[in-house]
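# Summary of structural features
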4 protein chains.
Amino acid sequence: MNTFGSLFRVTTFGESHGPAMGAVIDGCPAGVPLTTAQVQQALDRRRPGQSAVTTARAEADQVELLSGVYEDKTLGTPIAAVVRNQDQRSQDYDALKKEDRPGHADRVWRARFQHRDPRGGGRTSGRETLCRVIGGAVADALLRREVPALRVVAWVSQVGPLVAPLPASGLTRAQVDAHVTRCPDAPMAAHMEQRILDAKRDGDSLGGAIMVRVEGVPVGLGEPVFGKLKSRLADGFSSVGAVTGVVWGPADLEARLQLSGKAFHAPNADGTPSEAYGGIQGGLANGAPLLARVLFKPPATLSDHAKAGRHDPCILPRAVPVIEAMASMALADLWLALLASPHRP
Amino acid sequence: MNTFGSLFRVTTFGESHGPAMGAVIDGCPAGVPLTTAQVQQALDRRRPGQSAVTTARAEADQVELLSGVYEDKTLGTPIAAVVRNQDQRSQDYDALKKEDRPGHADRVWRARFQHRDPRGGGRTSGRETLCRVIGGAVADALLRREVPALRVVAWVSQVGPLVAPLPASGLTRAQVDAHVTRCPDAPMAAHMEQRILDAKRDGDSLGGAIMVRVEGVPVGLGEPVFGKLKSRLADGFSSVGAVTGVVWGPADLEARLQLSGKAFHAPNADGTPSEAYGGIQGGLANGAPLLARVLFKPPATLSDHAKAGRHDPCILPRAVPVIEAMASMALADLWLALLASPHRP
Amino acid sequence: MNTFGSLFRVTTFGESHGPAMGAVIDGCPAGVPLTTAQVQQALDRRRPGQSAVTTARAEADQVELLSGVYEDKTLGTPIAAVVRNQDQRSQDYDALKKEDRPGHADRVWRARFQHRDPRGGGRTSGRETLCRVIGGAVADALLRREVPALRVVAWVSQVGPLVAPLPASGLTRAQVDAHVTRCPDAPMAAHMEQRILDAKRDGDSLGGAIMVRVEGVPVGLGEPVFGKLKSRLADGFSSVGAVTGVVWGPADLEARLQLSGKAFHAPNADGTPSEAYGGIQGGLANGAPLLARVLFKPPATLSDHAKAGRHDPCILPRAVPVIEAMASMALADLWLALLASPHRP
Amino acid sequence: MNTFGSLFRVTTFGESHGPAMGAVIDGCPAGVPLTTAQVQQALDRRRPGQSAVTTARAEADQVELLSGVYEDKTLGTPIAAVVRNQDQRSQDYDALKKEDRPGHADRVWRARFQHRDPRGGGRTSGRETLCRVIGGAVADALLRREVPALRVVAWVSQVGPLVAPLPASGLTRAQVDAHVTRCPDAPMAAHMEQRILDAKRDGDSLGGAIMVRVEGVPVGLGEPVFGKLKSRLADGFSSVGAVTGVVWGPADLEARLQLSGKAFHAPNADGTPSEAYGGIQGGLANGAPLLARVLFKPPATLSDHAKAGRHDPCILPRAVPVIEAMASMALADLWLALLASPHRP
């Protein structure tokens with residue numbers, strides 16, 4: 001299954017070292033303003049080679065829209081977008097052709113498909129996530145028209161043992177992008193950057209956490225039983241390779257779970273629902289900002305493989321737009337589901 | 001959306017205080033041994049009123065199979081199962097008819113559907129989970145035939161601040177059920193039981209965590225991009241009302257995320273893949289036991305509503321078979337997907 | 001697969017001689033007026049034993065709504081409806097337990113499922129269509145609220161060699177039901193009735209055609225590529241057991257296909273699009289009435305089996321509400337899809 | 001909805017005068033032999049400009065596989081294929097930019113999407129069918145491995161009033177392709193060719209029928225209630241723009257419907273099930289060849305628009321591979337569904 005969503009459906013394709021990666025977005029209504037530049041800008045945010053803390057692999061990642069857009073508006077037909085793979089260097093991987101890379105999924109992939117694509121990770125490569133960024137860019141365009149107040153912003157909240165404080169509401173993607181680590185807390189961002197450079201030097205790697213906050217979610221968004229808002233988002237976030245957990249609410253949620261119910265459920269001082277809910281009640285958005293923490297394993301490729309593949313010592317900064325994209329796609333899908341379930345006075 | 005799964009599809013229906021709850025299971029192949037007694041036995045494990053630590057609401061919860069089974073074997077047609085609601089006492093809820101219950105989803109539900117069912121939680125009630133247990137019982141029957149070595153076992157690993165040690169592999173459901181708290185560690189089980197009784201006495205409530213382990217998962221189970229094993233399970237677990245997080249791997253996973261990649265990925269002493277993976281690599285089962293921790297909020301209904309609805313001070317013991325059911329359904333679905341993607345030598 | 005529809009989803013269950021038949025309708029929005037009496041009335045229109053031209057099998061076919069409706073309005077949750085099988089007489093079928101009935105699907109069913117339910121047709125019985133009538137009744141209730149001008153009316157247009165003329169627009173279901181054959185042309189209805197009674201006497205059977213017309217379809221309904229209006233309806237009609245063809249447009253469509261394009265496409269005298277289109281252009285409704293002809297095989301059960309199962313000599317009169325139900329379900333589903341694809345000025 | 005199939009899923013994209021057309025095929029298992037040449041060969045069979053009886057529009061229609069295939073075998077990942085639009089001449093259509101073309105879907109499309117793509121038919125163009133041919137080529141590759149005896153062959157059986165006799169079993173695609181009209185009966189093929197040239201000269205057009213026969217279908221293929229073999233095929237065939245009817249069984253099926261049941265159901269002389277069934281009983285394949293007749297309207301574009309768009313006077317010859325493709329995709333999908341519903345001895 002390579003499709004995410006029921007009504008706003010994003011199908012991704014492409015192997016990391018094949019001819020191209022891409023996505024087909026079906027279900028986006030007609031008349032939504034969308035340009036190639038918008039999609040390109042989204043891709044540029046996850047592009048490798050942007051700073052010393054990311055992989056040296058420099059891919060131009062130029063997107064082409066093959067269908068579904070005419071005179072900068074969506075046609076209501078499938079939007080197909082393609083990115084050619086340019087810096088393939090599959091020869092780097094020749095040495096690995098026969099052996100399974102430790103810490104990678106090579107062995108289990110071969111058990112499933114009776115073969116594996118030796119050219120990098122093939123379909124399991126992190127490069128597949130660029131397709132989700134394409135889907136997220138279209139979802140953002142749709143949400144901008146449909147729910148203008150909605151804002152999806154993610155940031156790096158933890159790198160290894162370093163944990164940043166919760167930023168104030170109203171945080172923008174530009175404020176996050178101002179730091180190469182995508183941690184919006186300047187002092188902690190500096191610590192994280194140094195820690196990543198140290199790991200890179202040591203041929204080591206680092207995991208951590210990304211937090212995502214969605215402001216302006218319409219009350220009632222989500223489905224009540226299956227397809228709950230938290231289920232769809234957990235599904236989407238968990239589909240990103242290195243993600244190893246999704247926890248709703250503030251960073252100290254686990255600590256709060258030690259509290260009794262009276263303390264846990266106490267409303268905020270201003271009478272709004274407790275932030276411990278992470279913005280979700282009964283599977284539906286409760287009107288408060290959604291807040292989730294997405295846990296990432298450190299990447300598996302270590303120094304002795306450095307010459308035979310080029311990887312990020314810490315993927316979190318580049319994963320920020322991917323997490324945002326998954327959130328936007330899930331929200332766009334649930335928004336269309338809400339439209340298909342109308343009230344009549 | 002009230003359906004879970006793509007090939008093994010479980011559709012649930014029913015409001016907690018309407019005439020009946022039920023499920024239709026479509027996609028179960030023909031010839032699988034299945035009796036009403038098997039399904040009943042599964043339901044009995046989540047039935048309320050079994051001990052002092054659960055709600056006093058005593059429902060007989062007798063299941064009837066309406067279709068899909070003939071002479072104790074599945075027909076390959078949809079299996080419909082119904083449980084009548086007997087102890088409805090909706091008069092208890094009359095007082096609540098006009099006001100939204102704090103901590104409940106009443107307000108957001110009304111925003112979504114422009115009304116709410118005043119008879120208890122309606123569709124958002126925890127009672128809906130009995131339908132999942134029905135689906136899980138059928139999934140278990142299918143998995144028993146198809147993957148006999150597979151074992152899904154969940155247990156209560158945390159209640160409030162009390163955390164139990166990881167039980168040895170080979171743990172059975174019977175060993176878990178031997179304790180009213182469903183914590184298989186006897187000393188900790190006693191502590192938890194007392195803590196829950198204290199909360200009940202105080203009109204308070206407790207959250208915590210359930211761990212679920214799946215032994216015998218076929219290597220390669222899962223889909224590589226969307227529909228990953230961890231996505232489907234996170235989706236399923238998150239669809240349970242009080243669940244507020246899903247984390248893969250051992251209970252100290254968050255602590256391990258502070259480690260560098262070299263330490264995190266170090267194989268076990270016996271050369272098998274690190275248990276930090278939780279049994280999943282590249283989205284597919286890696287052959288080691290799956291291990292996930294599912295976080296639960298404390299329930300919302302507090303003492304001043306005690307007379308107007310009868311609820312568990314701690315839902316974790318009764319949620320154990322529900323989490324197992326979600327795991328079994330997701331695994332059955334992915335198993336059928338694997339069959340539809342055959343290798344030929 | 002026992003589900004019809006993507007957004008308005010009807011899942012049917014039940015074997016003809018098992019405990020019960022039923023349907024779960026998911027995706028119907030909240031607040032739609034719906035009573036048990038409405039559903040019962042729809043079922044009564046297909047009930048056996050109503051006249052000499054149908055089977056003698058007398059089933060009360062009392063429906064019970066188990067969920068999804070409260071105070072005569074839909075809740076937005078799944079609507080489960082059940083009909084108990086009362087007149088099972090499975091002993092009638094004991095003789096047939098081991099032999100395959102000629103003309104029936106017994107042999108192919110056994111090839112597929114490695115067994116067959118000997119109690120009548122099991123899941124392939126025409127009795128399964130009562131579940132579709134339930135789904136159609138809910139779809140009608142939804143369409144009545146959403147698209148009040150829409151009218152779905154079917155009638156028997158052919159029995160064996162007897163072909164009725166096209167009735168005028170504005171035909172109602174009541175006018176159709178006024179004839180036991182459900183042919184609204186009185187003289188031809190009388191001929192058909194006699195022909196069916198003759199076939200019954202001879203232990204023979206008759207096929208023919210049902211026409212269905214939908215007035216008031218919103219222009220643009222349908223999907224442009226897959227899920228075209230004509231595809232969904234052809235899919236739905238073809239899912240009825242005895243249906244062996246679906247042809248769009250007037251009864252002389254095949255003759256018109258011999259014409260050249262200029263003649264075929266000539267607009268009507270009043271400038272509206274040619275009725276040869278059957279109301280569909282480019283896969284979408286063109287605003288004119290939809291008109292389709294659904295071809296039916298004669299039923300297979302012949303005289304030597306008369307005592308071992310009780311069947312209709314001609315199923316067309318009782319199939320009329322089933323064809324209407326399939327149309328209503330498809331239209332309700334496509335209507336919700338239209339809502340999920342909004343224009344914004 | 002631009003996806004066909006549940007397990008073998010083909011998503012098509014592209015507007016006729018946009019940058020490219022294409023398809024993404026998801027669900028094809030790994031290890032299936034597949035080359036670009038195979039797909040190209042399939043496309044060449046529907047390419048315009050091959051003879052005087054088709055459109056003069058000469059498109060090279062070179063396909064490129066972007067993903068899913070490695071060393072001439074499928075990877076089990078999505079197969080993306082793209083065909084660039086080269087001969088766009090959208091200036092031809094400039095004159096039409098503001099007016100709706102009579103007989104086309106322009107008006108209803110605009111009602112649906114509040115705009116239409118003036119560059120030819122956009123998404124409703126017959127050119128979209130090349131994407132289905134891509135999907136059919138992959139389906140054929142899969143079926144060749146999985147069900148080697150299966151053969152899907154379609155041919156032109158009727159052009160205007162000219163009707164060809166039923167060809168003998170064992171007919172091959174090569175035998176059909178030997179005639180520019182794709183009618184395998186040489187004398188009738190010559191008549192049809194002349195008739196089409198006459199229509200072309202007169203600025204007129206012709207409809208008719210294509211028959212499709214599938215030999216070697218596994219007994220039991222199909223789903224019993226919804227997703228019946230005849231439903232899926234009717235759905236697929238009806239999704240082709242000009243199709244206006246699908247009838248199962250031999251060409252004289254309508255005449256046979258006038259017979260009584262005893263005559264209709266009489267087995268063939270050799271005791272095999274009556275060919276009147278068209279190879280389908282109870283929704284499942286009965287082991288005899290599938291036989292369906294697909295009715296086509298004459299195309300709408302007439303002489304006065306000849307200079308403003310280049311179209312086929314009779315699309316049937318070029319529609320033959322499209323109908324085969326829809327059949328192959330439906331069969332591949334149902335085949336995978338059969339694998340997901342296994343018997344165990």
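Scope of this entry: the structure provided in the associated data block. On a predicted model such as this, the values are computed, not experimentally measured, just so you know. (Residues numbered from 1 in each chain as written. Chains lettered and ligands numbered in written order. Predicted model: local features only at pLDDT ≥ 70, side-chain atom pairs only at ≥ 80, totals over all residues. Heavy atoms only, no water.)

## Concerning the overall build of chain A
Put simply, the rule is: Helical segments are the DSSP runs of H or I of at least four residues, strand segments are the runs of E of at least two, and each set is numbered from the N terminus. Residues count as neighbours in contact if any of their non-hydrogen atoms are within 4.5 Å of one another. Reported accessibility uses the Shrake-Rupley method at a 1.4 Å probe radius. Residues are deemed covered only where the shown protein chains occlude them.
Counting secondary structure elements, chain A contains nine helices and 14 strands. Here the analysis covers contacts within chain A between residues at least 6 apart in sequence; of these, 73% occur between residues at least 24 apart. Of the accessible surface of chain A, which amounts to about 10700 Å², a share of 53% is contributed by carbon and sulfur atoms.

## A closer look at the packing of helix α6 (residues 229-238) of chain C against helix α6 (residues 229-238) of chain D
Stated precisely, the cut-off is as follows: All axes are obtained by fitting lines to C-alpha atoms, using only the stretch in contact for helices, and the reported angles, taken between N-to-C directions, cover 0 to 180 degrees. Note that the term roughly parallel is reserved for angles under 35 degrees, roughly antiparallel for angles over 145, roughly perpendicular for angles of 65 to 115, and oblique for everything else. Helix crossings are classified by the rotation of the near helix relative to the far one: an anticlockwise turn of less than a right angle makes the crossing left-handed, while a clockwise turn makes it right-handed.
Here α6(C) crosses α6(D) at 160 degrees, and the two axes come no closer than 8 Å. Classified by the interaxial angle, the pair formed by α6(C) and α6(D) is roughly antiparallel. As α6(C) packs across α6(D), the resulting crossing turns out to be right-handed. Listed contacts from α6(D) to C:K230, C:S231, C:A234, C:D235 and C:S238 of α6(C) are D:K230, D:S231, D:A234, D:D235 and D:S238.

## Overview of unusual backbone geometry
For clarity, the threshold we go by: Relative accessibility under 20% of the residue-type maximum defines a buried residue, over 50% an exposed one, and the middle range a partly exposed one, all with a 1.4 Å probe and only protein chains included.
Phi is positive for A:R182, which is not a glycine, with a value near 60 degrees. For A:R182, the position within the fold is in the loop between α4 (173-177) and α5 (186-201). Residue B:D61 is not a glycine yet carries a positive backbone phi of 50 degrees. Summarising the element assignment, B:D61 is placed in the loop between α1 (36-46) and β4 (63-65). Residue classification places B:D61 among the buried residues on the basis of a relative accessible area of 1%.

## Some details on the interface of chain A and chain B
Selection criterion: Buried area: the accessible area, evaluated with a 1.4 Å probe, that two parts lose upon being put together, summed over both parts. Each salt bridge in this description consists of a side-chain nitrogen of Lys or Arg and a carboxyl oxygen of Asp or Glu lying within 4 Å of one another. Any pair of nitrogen or oxygen atoms within 3.5 Å is treated as a polar contact; in protein, a donor-acceptor pairing is required on top of that, and neighbouring residues in sequence qualify only through side-chain atoms on both sides. By the convention adopted, Pro, Cys, Tyr, Trp, Phe, Met, Ile, Leu, Val and Ala count as nonpolar, Lys, Arg, Asp and Glu as charged, and the other residues, Gly among them, as polar.
At the interface, 84 residues of chain A touch 85 residues of chain B. Together, the buried faces of chain A and chain B total about 6800 Å²; carbon and sulfur atoms form 57% of this surface. Contact with chain B buries surface across chain A, with A:M1, A:R112 and A:F226 losing the most and accounting together for 14% of the total. The closest approach of N and O atoms between B:E254 and A:R293, which form a salt bridge, is 2.9 Å. If you look at where chain A meets chain B, you find 35 residue pairs in polar contact (both at pLDDT 80 or more). When the residues that make up the side of chain A that touches chain B are grouped by side-chain class, the tally is 39 nonpolar, 29 polar and 16 charged.

## A few points about the state of the cysteines
Residue and element names in this part refer to chain B. For clarity, the cut-off: Two cysteine sulfurs form a disulfide in these notes if their separation is within 2.5 Å.
Using the criterion set out here, one finds zero disulfides over all chains in the structure. For C131, which is in no disulfide, the shortest distance to another cysteine sulfur is to C28 and amounts to 18 Å. For C131, a relative accessible area of 0% translates into the label buried. No disulfide involves C183; its nearest neighbouring cysteine sulfur is the one of C314, lying 11 Å away. Residue class for C183 comes out buried when judged on its relative accessible area of 0%.

## Some thoughts on the relation of the copies chain C and chain B
Here is the rule: We place the copies in one frame by least squares, fitting the C-alpha atoms of every residue whose pLDDT is at least 70 in both.
Expressed as a screw operation, the relation of chain C to chain B combines 0.0 Å of axial shift with a rotation of 180 degrees, fitting to an RMSD of 0.0 Å. Expressed as an axis order, the relation between the two copies is that of a two-fold axis. The overlap is high: 100% of the interface residues of chain C also sit at the interface in chain B, so the same surface is used on both sides.

## Examining the nonpolar core
Put simply, the rule is: Nonpolar cores were defined as sets of buried Ala, Val, Leu, Ile, Met, Phe, Trp, Tyr and Cys residues, with membership established by side-chain atoms within 4.5 Å.
If you look at the biggest cluster of nonpolar residues, it comprises 172 residues, and the most contacted ones within it are A:F8 and C:F8. Each residue touching A:F8, except ones within four places of it in the same chain, is listed here: A:I25, A:D26, A:C28, A:G135, A:V138, A:A139, A:L142, A:M329, A:A332, A:D333 and A:L336.

## Describing the pairing of strand β14 (residues 290-296) of chain C
All names here are of chain C. Selection criterion: Two strands are counted as paired when DSSP detects at least two bridges linking them.
With respect to burial, β14 is a largely interior element, seven of its seven residues being buried. Side chains of β14 alternate between two faces, with L290, A292, V294 and F296 and L291, R293 and L295 buried alike. As paired elements, strand β10 (residues 208-215) and β14 share seven bridges and run antiparallel to each other. Following the sheet pairing, V212 is matched in β14 by A292.

## Overview of the side chain of D:N2
Structurally, D:N2 is set in the segment before β1 (3-4). Within the structure, the side chain of D:N2 is placed 2.8 Å from the side chain of A:D26, a separation counted as a polar contact.

## A closer look at the pattern of salt bridges
Residues and elements named next belong to chain C. Under the criterion given, the structure shown has 81 salt bridges over all chains. Between E324 and R45 there is a salt bridge, with the nearest N and O atoms lying 2.9 Å from each other. Highlighted residues: E324 in helix α9 (residues 316-339) and R45 in helix α1 (residues 36-46), separated in sequence by 279 residues. R232 is the salt-bridge partner of D333, the closest N and O atoms lying 2.7 Å from each other. Of this pair, D333 sits in helix α9 while R232 sits in helix α6, and the two are 101 residues apart along the sequence.

## Comments concerning the relation of the copies chain A and chain B
With an axial shift of 0.0 Å and an RMSD of 0.0 Å, the rotation relating chain A to chain B amounts to 180 degrees. Of the residues that chain A buries at the interface, 100% are likewise interface residues in chain B, meaning the two copies contact each other through the same surface.

## Side note on the packing of helix α3 (residues 129-146) of chain D against helix α9 (residues 316-339) of chain D
Residue and element names in this part refer to chain D. Where α3 meets α9, the closest approach of the two axes is 7 Å, and the angle between their N-to-C directions is 45 degrees. Comparing their axes, α9 and α3 come out oblique. Of the two possible hands of crossing, α3 and α9 adopt the one that is left-handed. For the pair α3 and α9, the contacting residues are T129, R132, V133, G135, G136, A139, D140, L142, L143 and E146 in the first and P321, V322, A325, M326, S328, M329, L331, A332, W335, L336 and L339 in the second.

## Looking at the pairing of strand β11 (residues 243-248) of chain B
Taking burial as the measure, the six residues of β11(B) include six buried ones, the bulk of the element. Bridging between strand β11 (residues 243-248) of chain A and β11(B) involves three bridges; their strand directions are antiparallel. Its bridge partner lying in β11(B), A:V246 is registered against B:V246.

## Quick word on the environment of B:A105
Here B:A105 is to be found in the loop between β7 (79-84) and α2 (106-113). Put simply, B:A105 and B:L334 are 229 residues apart on the chain and 32 Å apart in space, counted from C-alpha to C-alpha. Excluding residues within four positions of it along the chain, B:A105 makes contact with A:Q281 and A:G282.

## Examining the side chain of C:D61
Polar contacts involving the side chain of C:D61 include one to the side chain of C:R127, which spans 3.0 Å. If we skip the residues at most four places from it in the chain, C:D61 touches C:Q40, C:L43, C:R46, C:R47, C:P48, C:V83, C:Q86, C:R127 and C:L130.

## A closer look at the sheet that holds β1(D)
Hydrogen bonds between backbone groups are what pair the strands of a sheet, and the pairing can be parallel or antiparallel. Residue and element names in this part refer to chain D. If you trace the five strands from one edge of the open sheet to the other, you get β1-β2-β3-β7-β4, paired in antiparallel fashion. Here the strands that pair on one side only, and so sit at the sheet edges, are β1 and β4 (63-65). Relative to strand β7 (residues 79-84), β4 runs antiparallel, the two sharing three bridges. Residue pairing in the sheet places E64 in a bridge with V82 of β7.

## Some remarks on the sheet that holds strand β7 (residues 79-84) of chain C
All names here are of chain C. Within the open sheet, the five strands sit side by side as β1-β2-β3-β7-β4. Their pairing is antiparallel. The open sheet is flanked by β1 (3-4) and β4 (63-65), the only strands paired with a single partner. Pairing between strand β2 (residues 9-13) and strand β3 (residues 20-26): five bridges, direction antiparallel. Across the sheet, the residue bridging to T12 is A23, located in β3. Packing of helix α3 (residues 129-146) onto the sheet brings it into contact with β2, β3, β4 and β7, and relative to β3 it is tilted by some 30 degrees.

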